[in-house]
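Here are the chains, one letter per residue:
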Amino acid sequence: MSQTNILLEAGTNELEVVEFFLEEDDLEQGGVYRGHYGVNVAKVLEIIRMPKITEMPEVSHPCVMGAFNLRSQVIPLVDLSVWLGKKRHESEAPKVIVTEFNEVTTAFMVSGVNRIHRISWEAVEPPNAYISAMSGNSVTGVVKLEGRLVFLLDLERIVSDLNPKLGLRLDEAIDWKSGPRYRALIADDSTVIREMLKDLMQRANFDVEAVTNGRDAWTILEGIRRRAEEEKIPVSDFLHVMVADIEMPQMDGHALCKRIKEDPVLKDLPVILFSSLITDKLRHKGEAVGADEQIAKPEVTSLARHAIRLIEARKEAER
């Protein structure tokens, strides 16, 4: 399967999910248990049969099976069952999902693939504390599809944990404290990334409020809009920049950005999309909803710099 990109229109609050499954030996009941999972189709390059694997030296985690060559590109292969702490049932024909995000190509071995679903982010519920704990914070959403629960996996978290060099980073050599301190609202569904991003942006001289999805961010923005109208003062007296991930339960970053830019009071608030889905092929979606800037994770230094530039440009325009 190659990437389909069926949904071309941005801001519809919809996504396409590749549903796959992992089979594990049920030691208590006997037999095989099948768990269902999903990943955004925008991250999937293709789905292939199990390739010939070459072992890699000094592997950081037992889930890394090795690497294989696909059209002259060497790609590491991760056994998702091992990462999730499951005893994988040996299948005769496992499938490999080849993904690309954050400018990194990684493959994940699964037991099989079902189909692609088009769904609304409103149908996706954030994981509760139990699910988050049991999955090592690797699940970002839960959705019911055709009568079964499907867990949306945080593949960015998995890849960054396996290779810390791919994690969020801020250039500490820059004197961030020399300028004014600004206020940012951040929306990101990954618990680990959200807290890390909040910490790094605070180091970059921002006061930060962080929420888990676009719907919660919009609720805060509606409150700011009401206060700005009632007190007849600009929105910038309360908030200077909105930073949003794209993939989020309830309301995604594109839908949130579209609402902000269509609102007569909030439209001038700078919105930055900060996501692993910022690629040349998908950048047009952020442009379609009026995003002021789009920054690919994990470049927090670039995020902070662009945020400051947008804020200062807006202050200059208000004078």
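What counts, and at which threshold
Throughout this document, residue positions are counted from 1 along each chain, in the order its sequence is written. Where totals are concerned, whole chains, interfaces and linings use all residues; where local detail is concerned, this predicted model gives features only for residues with pLDDT of at least 70, and gives and counts side-chain atom pairs only at 80 or more. Hydrogens are left out, water is left out, and the side-chain values use all remaining heavy atoms of the structure. Note on definitions: salt bridges are taken to be side-chain nitrogens of Lys or Arg within 4 Å of carboxyl oxygens of Asp or Glu. Helix and strand definitions follow DSSP, with helices as H or I runs of at least four residues and strands as E runs of at least two, each counted in order from the N terminus. The cut-offs for exposure are 20% and 50% of the maximum accessible area for each residue type, with area from a 1.4 Å probe on protein chains only; residues under the lower value are buried, those over the upper are exposed, and the others partly exposed. Between any two strands, pairing holds if DSSP finds at least two bridges. In summary, the pairing rule links any two rings of Phe, Tyr or Trp, Trp by its six-membered ring, whose centres are within 6.5 Å, and it sorts them by plane angle into stacked for under 30 degrees, edge-to-face for over 60 and tilted for everything else. In this scheme, the term charge over a ring applies when either NZ of a lysine or CZ of an arginine sits within 6 Å of the ring centre and within 35 degrees of the ring normal. Using protein atoms alone on a 1 Å grid, points that fit a 1.4 Å probe yet trap it form a cavity, whereas open point sets bounded by protein on both sides within 12 Å along at least five of seven lines form a pocket; residues with an atom within 4 Å of a point count as lining. Grid points are joined across faces, edges and corners, and a volume is the space filled by probe spheres set on the points. Residues are grouped as follows: Ala, Val, Leu, Ile, Met, Phe, Trp, Tyr, Cys and Pro are nonpolar; Asp, Glu, Lys and Arg are charged; all remaining types, including Gly, are polar. Any pair of nitrogen or oxygen atoms within 3.5 Å is treated as a polar contact; in protein, a donor-acceptor pairing is required on top of that, and neighbouring residues in sequence qualify only through side-chain atoms on both sides. Here, residues are in contact when the closest pair of their heavy atoms is within 4.5 Å. By definition here, a helix of n residues has an expected span of 1.5 Å times n minus one.

1. Comments concerning the pattern of salt bridges
Thought 1: Tallied over the entire structure, the rule returns 22 salt bridges.
Thought 2: Among the ionic pairs, Glu19 bridges to Arg148, the shortest N-O distance being 2.6 Å. Of this pair, Glu19 sits in strand β1 (residues 14-25) while Arg148 sits in strand β10 (residues 148-153), and the two are 129 residues apart along the sequence.
Thought 3: With a shortest N-O distance of 2.7 Å, Arg157 and Asp161 are connected by a salt bridge. Note that Arg157 and Asp161 are positioned in helix α3 (residues 155-162) at a spacing of four residues, about one turn of the helix.
Thought 4: A relative accessible area of 35% places Asp161 in the partly exposed class.
Thought 5: One network of salt bridges, with partners in common, ties together Glu19, Arg115, Glu146 and Arg148.

2. Here we look at the pairing of β10
Thought 1: In this sheet, β10 lies alongside strand β2 (residues 32-40) in parallel orientation, the contact comprising two bridges. Across the sheet, the residue bridging to Tyr37 is Phe151, located in β10.
Thought 2: Taking the residues between adjacent antiparallel strands as the criterion, strand β9 (residues 139-145) and β10 are bridged by two residues, where Glu146 takes a positive phi near 50°.

3. Some thoughts on the packing of aromatic side chains
Thought 1: According to the stated counting rule, one finds three aromatic pairs in the structure shown.
Thought 2: On the basis of an interplanar angle of 20° and a centroid distance of 6.0 Å, the ring pair of Phe20 and Tyr37 is categorised as stacked. Taken as a pair, Phe20 in strand β1 and Tyr37 in strand β2 lie far apart in primary sequence, 17 residues in all.
Thought 3: A relative accessible area of 3% places Phe20 in the buried class.
Thought 4: Clustering of aromatic rings is evident, with ring pairs tying together Phe20, Tyr37 and Phe151.
Thought 5: Positioned over the ring face of Phe21 is Arg34, at 3.7 Å from the centre of the ring.
Thought 6: If you follow Lys43 out to its NZ or CZ, it ends over the ring of Phe101, 5.5 Å from the centre.

4. Here we look at empty space enclosed by the protein
Thought 1: In the structure shown here, the tally under the stated rule is four cavities of 30 Å³ or more.
Thought 2: There is about 200 Å³ of room inside the second largest cavity.
Thought 3: In terms of lining, the second largest cavity is formed by 24 residues, of which the most central are Lys43, Thr140, Leu153, Asp189 and Glu247.
Thought 4: Contributions of two or more residues to the lining of the second largest cavity are made by β1, β2, β9 and β10.
Thought 5: The leading source of residues in the lining of the second largest cavity is β2, at three residues.
Thought 6: Counted by class, the lining of the second largest cavity contains nine nonpolar, seven polar and eight charged residues.

5. Looking at the side chain of Asn213
Thought 1: Within the fold, Asn213 resides in the loop between β12 (206-211) and α5 (214-231).
Thought 2: On the basis of relative accessible area, Asn213 is assigned to the buried category, the value being 2%.
Thought 3: Within the structure, Asn213 has its side chain in polar contact with the side chain of Thr212 (distance 3.3 Å).
Thought 4: A distance of 3.0 Å separates a polar side-chain atom of Asn213 from the backbone nitrogen of Arg215.
Thought 5: Excluding residues within four positions of it along the chain, Asn213 makes contact with Pro126, Ala187, Met248, Pro249, Gln250 and Met251.

6. Details of helix α8 (residues 300-318)
Thought 1: The end-to-end C-alpha separation of α8 is 27 Å, in line with the 27 Å expected for 19 residues at 1.5 Å each.
Thought 2: For α8, the full list of buried residues reads Val300, Thr301, Leu303, Ala304, Ala307, Leu310, Ile311 and Arg314.

7. What about α5?
Thought 1: Compared with an ideal rise of 1.5 Å per residue, which puts 18 residues at 26 Å, α5 spans 25 Å between its outermost C-alpha atoms and is within 8% of the ideal.
Thought 2: Within α5, the full set of buried residues consists of Gly214, Ala217, Trp218, Leu221, Gly223, Ile224, Arg225 and Ala228.
Thought 3: In the core, the buried residues of α5 are packed alongside β11 (182-187), β12, β13 (241-244) and α6 (253-262).
Thought 4: For α5, the capping residue at the N-terminal end is Asn213, with a side-chain oxygen 3.0 Å from the backbone nitrogen of Arg215.
Thought 5: Within two residues after α5, Lys232 carries a phi angle of roughly 55°, on the positive side.

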